[in-house]
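Structural overview
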Amino acid sequence: MKRCDQCKKTLRGAGHKTALRTLCDVCYAEYRGVVGGYMGSGNVGTALFTGGLFRRRAEREAKKKR
Ligand SMILES: [Zn+2]
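These lines cover the structure that appears in this document, whether it is placed above or below. Here the structure is a predicted model, which means the values were calculated and not measured. Throughout this document, residue positions are counted from 1 along each chain, in the order its sequence is written. With the structure being a predicted model, the display of local features is reserved for residues of pLDDT at least 70 and the display and counting of side-chain atom pairs for 80 or more, all residues being used for whole-chain, interface and lining totals.

Put simply, DSSP H or I for four residues or longer makes a helix, DSSP E for two residues or longer makes a strand, and each gets a number counted from the N terminus. Helices and strands together make up the secondary structure of the chain, namely 2 helices and 2 strands. Mapped in sequence order, the helices and strands of the chain form the string β-β-α-α. Referenced to the eigenvectors of the C-alpha coordinate spread, the extents of the chain come out at roughly 35 × 30 × 15 Å. When burial is assessed residue by residue, the chain has 23% of its 66 residues classed as buried. Taking contacts inside the chain between residues at least 6 apart in sequence as the whole, the part at least 24 apart equals 19%. Residue burial is a threshold on neighbouring C-beta atoms within 10 Å of the residue's own C-beta, all placed from the backbone, with 20 or more meaning buried, 12 or fewer meaning exposed, and counts in between meaning partly exposed. Residues are defined as contacting one another if the C-beta atoms placed from their backbone atoms lie within 7 Å.

What follows is about the nonpolar core. To count as a nonpolar core, a set of buried Ala, Val, Leu, Ile, Met, Phe, Trp, Tyr and Cys residues must be joined through C-beta atoms within 7 Å. Within the largest apolar cluster, 7 residues are counted, these being L23, C24, V26, C27, Y28, A29 and F54. Here this core gets 4 residues from one element, more than from any other, and that element is helix α1 (residues 25-41). When near neighbours in sequence (up to four residues on either side) are disregarded, V26 contacts R55, A58, E59 and A62.

This part takes up unusual backbone geometry. The residue K8 is not glycine, and still its phi comes out positive at about 70°. Note that K8 resides in the segment before β1 (16-17).

With that out of the way, let us pick up helix α2 (residues 44-65). Compared with the 32 Å implied by 1.5 Å per residue over 22 residues, the 32 Å span of α2 between its first and last C-alpha is a close match. Along α2, the residues classified as buried are T50, G51, F54 and R55. Projection of α2 onto a plane perpendicular to its axis shows the buried side chains occupying an angular sector of 145°, all on one side. Those residues of α2 that are exposed and angled more than 90 degrees off the buried face are G45, R60, K63 and K64. Among the structural elements, α1 are those in contact with the buried residues of α2. An expected span of 1.5 Å times one less than the residue number is assigned to each helix. It is the directions from the helix axis to the C-beta atoms that the arc portrays.

Structure representation (structure tokens):
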């Protein structure tokens, strides 16, 4: 069974491959938020903040499905 490289949860499915790691849905959402935030602002602080927002949203979505 594969695990998320960030939070170590067991992946339900194949997970999401990034350049360096394999991530679960929630961590991948955060990763996308960080990348998108950085592209949009060029600012690391804003990028991390955006990543946090994406992560919380993905966690809410994950809970709804159960
Ligand atoms: Zn994860």
